[in-house]
Amino acid sequence: MEGVTAAMLAHYTDTMTFIKNMKRFRLLILSMVAMFMLATPVAVYGTSKVKGEKTLGVTGGYATYNRSAYTNIFFQYTFVPHVRISTDVGYVFRHHDKSAFEISADMHFPFKIVSGLQVYPLAGVTFNNWNYHEAGNVYRFGADLGAGFDFYMTDYLKLTLQGKYSLMNKTSGAYVGLGIGYVF
């Protein structure tokens, strides 16, 4: 292989590793979606939008800024039937020498589509601490805009599919995730 440098081979190896990891991540997301679809018949049991309703859960998904997976823990509290606050604390896994710790507080405005299924727009604030492997940390405040779906499997269990864009100086990016929460 004349003309191929070590840097070219290293780049090719990094690219192939990234592609292999993305295939695994896609398989995980497809598995989660399949579980979501299999649970569809039990959705008629779920009720929602009760004043004082609280939800505690976990979410996993994809962050576009560093093209990596993320996970978070969320808590939601419904003030009135169409207004709730959702707070979350999460971590974006290292990729391209970048990882992050993030905290968000968003307002959701859920509306029932059919029994057990809601759609909601969201808006809120976020704080991210991006860690660059060799260059240190960058702290950013910003705004969240997005939408999501809540799928009540039972009165006490719901699945959430959410997408939001975090608008911040030099670290803006989208977060798309699937989560599960315990309703109490």
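For the structure, see preceding data.
Residues numbered from 1 in each chain as written. Predicted model: local features only at pLDDT ≥ 70, side-chain atom pairs only at ≥ 80, totals over all residues. Heavy atoms only, no water.

## Points about the pattern of salt bridges
Pairing is possible between side chains of opposite charge, provided their charged atoms come close. What counts here: Whenever a carboxyl oxygen of Asp or Glu lies within 4 Å of a side-chain nitrogen of Lys or Arg, that contact is scored as a salt bridge. Runs of H or I in DSSP of at least four residues are treated as helices and runs of E of at least two as strands, each being numbered from the N terminus. Think of it in three bands: with a 1.4 Å probe and only protein chains considered, a residue is buried below 20% of the maximum accessible area for its type, exposed above 50%, and partly exposed in between.
Under the defined criterion, the tally for this structure stands at five salt bridges. Its salt-bridge partner being Lys164, residue Asp144 comes within 3.3 Å of it at the nearest N-O pair. Highlighted residues: Asp144 in strand β7 (residues 136-152) and Lys164 in strand β8 (residues 157-167), separated in sequence by 20 residues. Look at Asp144 and you get buried, because its relative accessible area is 1%. On the basis of relative accessibility, which here comes to 7%, the residue Lys164 falls in the buried class. For Asp150, the salt bridge identified is with Lys158, shortest N-O distance 3.4 Å. In the salt-bridge network here, residues are joined through shared partners; they are Asp88, Asp106, Asp144 and Lys164.

## Topic: the nonpolar core
So the rule is basically this: As used in this record, nonpolar core signifies buried Ala, Val, Leu, Ile, Met, Phe, Trp, Tyr and Cys residues forming a set joined through side-chain atoms within 4.5 Å. Residues count as neighbours in contact if any of their non-hydrogen atoms are within 4.5 Å of one another.
Judged by nonpolar contacts, Ala63, Tyr70, Val92, Ala100, Trp130, Tyr132 and Tyr175 together constitute the single largest core of seven residues. Apart from the residues lying within four places of it in its own chain, the contact partners of Ala63 are Ser68, Tyr70, Val92, Ala174 and Tyr175.

## A few points about the packing of aromatic side chains
Note the threshold: Aromatic pairs are defined between Phe, Tyr and Trp rings, using the six-membered ring for Trp, whenever the two ring centres lie within 6.5 Å; interplanar angles under 30 degrees are classed as stacked, those over 60 as edge-to-face, and all others as tilted. Definition used: whenever NZ (Lys) or CZ (Arg) falls within 6 Å of the ring centre and also within 35 degrees of the ring normal, the charge is taken to sit over that ring.
Counting across every chain of the model gives seven aromatic pairs. Measuring from ring centre to ring centre gives 4.6 Å for Tyr65 and Trp130, while their planes differ by 65°; the resulting arrangement is edge-to-face. Here Trp130 lies in strand β6 (residues 117-132) and Tyr65 lies in the loop between β1 (54-63) and β2 (68-80), a separation of 65 residues in the sequence. By relative accessible area, which is 0% here, Trp130 ends up buried. Ring centres of Tyr77 and Phe79 lie 5.2 Å apart, and the angle between their planes is 85°; on these two criteria the pair is classed as edge-to-face. A connected cluster of aromatic rings, assembled from ring pairs, spans Phe127, Tyr139 and Phe141. Sitting above the plane of the Tyr120 ring, Arg84 keeps its charged end 4.8 Å from the centroid.

By themselves, these observations are geometric and do not establish any function.
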